[in-house]
Amino acid sequence: YLSCLELYETLGNQRGIANTLNRLGDVACLMGDLDLAEQYALRSLNLHRELGDRYGEAFALTAVGQVHHARQDYPQARVYYYQALALMKEIGSKKGMIFALIYLGRVSVDTQEFASAREYLTEALSLSSMNNAVSLGLDCMAEIARLLMLAGKEKEFGAILAGYVTNHAAATQLARASMQA
């Protein structure tokens with residue numbers, strides 16, 4: 001990504017720079033360099049705002065939230081995830097909304113706020129099912145698995161996952177029902 005950034009900078013391609021900064025932030029976060037990740041994510045956020053790229057801005061907000069999440073600064077992570085969700089709703093990006101809802105659910109699972117986690121993950125699962133976003137549905141299922149395991153309902157998740165793979169709609173209903181019980 002550093003080579004891409006250099007190329008985009010040489011070309012003056014601001015959108016390419018902004019998107020690459022976001023990816024570099026993701027990599028730095030995964031590598032555990034949270035200060036560098038935050039620098040990249042904030043640069044990306046500022047550049048997307050300058051460009052008026054609301055979709056890119058929303059994803060950059062999510063990236064900044066992920067850095068705070070990795071630092072276990074859950075209140076600040078939520079602030080960024082809520083901003084990303086609001087922006088995704090405003091621009092009508094269903095898949096972006098699913099991402100933001102999963103991240104909010106993840107924070108809620110991490111803080112053992114299970115009622116909130118259920119709400120976010122149920123909404124994310126419904127949106128992923130309605131929009132045929134299978135990979136996002138599977139990401140949501142992973143968070144539902146963590147939620148159910150922490151709630152002592154591990155056995156229920158096996159049936160949900162098996163059903164999800166073979167029958168997406170029926171498994172979505174089963175997951176919703178399991179989280180309500």
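Rules of the game
- Residues numbered from 1 in each chain as written.
- Predicted model: local features only at pLDDT ≥ 70, side-chain atom pairs only at ≥ 80, totals over all residues.
- Heavy atoms only, no water.
- Helix = DSSP H or I, 4+ residues; strand = E, 2+ residues; numbered from the N terminus.
- Contact = heavy atoms within 4.5 Å.
- Axes fitted to C-alpha atoms, helices over the stretch in contact; angles between N-to-C directions.
- Parallel < 35°, antiparallel > 145°, perpendicular 65-115°, else oblique.
- Left-handed = near helix turned anticlockwise from the far one by under 90°.
- Nonpolar A, V, L, I, M, F, W, Y, C, P; charged D, E, K, R; others polar.

(A) Region of the structure containing the side chain of Arg 78. As for its placement among the helices and strands, Arg 78 is situated in helix α5 (residues 74-91). Those residues in contact with Arg 78, other than ones at most four positions away along the chain, are Leu 104, Val 107, Ser 108, Thr 111 and Glu 113.

(B) Just the side chain of Glu 57, in detail. Examined against the element boundaries, Glu 57 turns out to sit in helix α4 (residues 54-70). Setting aside residues no more than four positions away along its own chain, Glu 57 makes contact with Leu 45, His 48, Arg 49 and Leu 87.

(C) Quick look at the environment of Gly 96. Tracing the backbone through its elements, the reader meets Gly 96 in helix α6 (residues 94-110). Linking Gly 96 and Phe 59, residues 37 residues apart in sequence, is a C-alpha distance of 7.8 Å. In this structure, Gly 96 is in contact with Phe 59 and Met 88, ignoring residues within four places of it in sequence.

(D) Spatial organisation of the packing of α4 against α6. Following both chains from N to C, one finds α4 and α6 inclined at 15°, their axes separated by 11 Å at the closest point. On the basis of the axis angle, α4 is roughly parallel to α6. Here the hand of the crossing between α4 and α6 comes out left-handed. Touching Phe 59, Thr 62, Gln 66 and His 69 of α4 are Gly 96, Phe 99, Tyr 103, Arg 106, Val 107 and Asp 110, all from α6. Among the residues making up the contact of α4 with α6, the classes are represented as 4 nonpolar, 4 polar and 2 charged.

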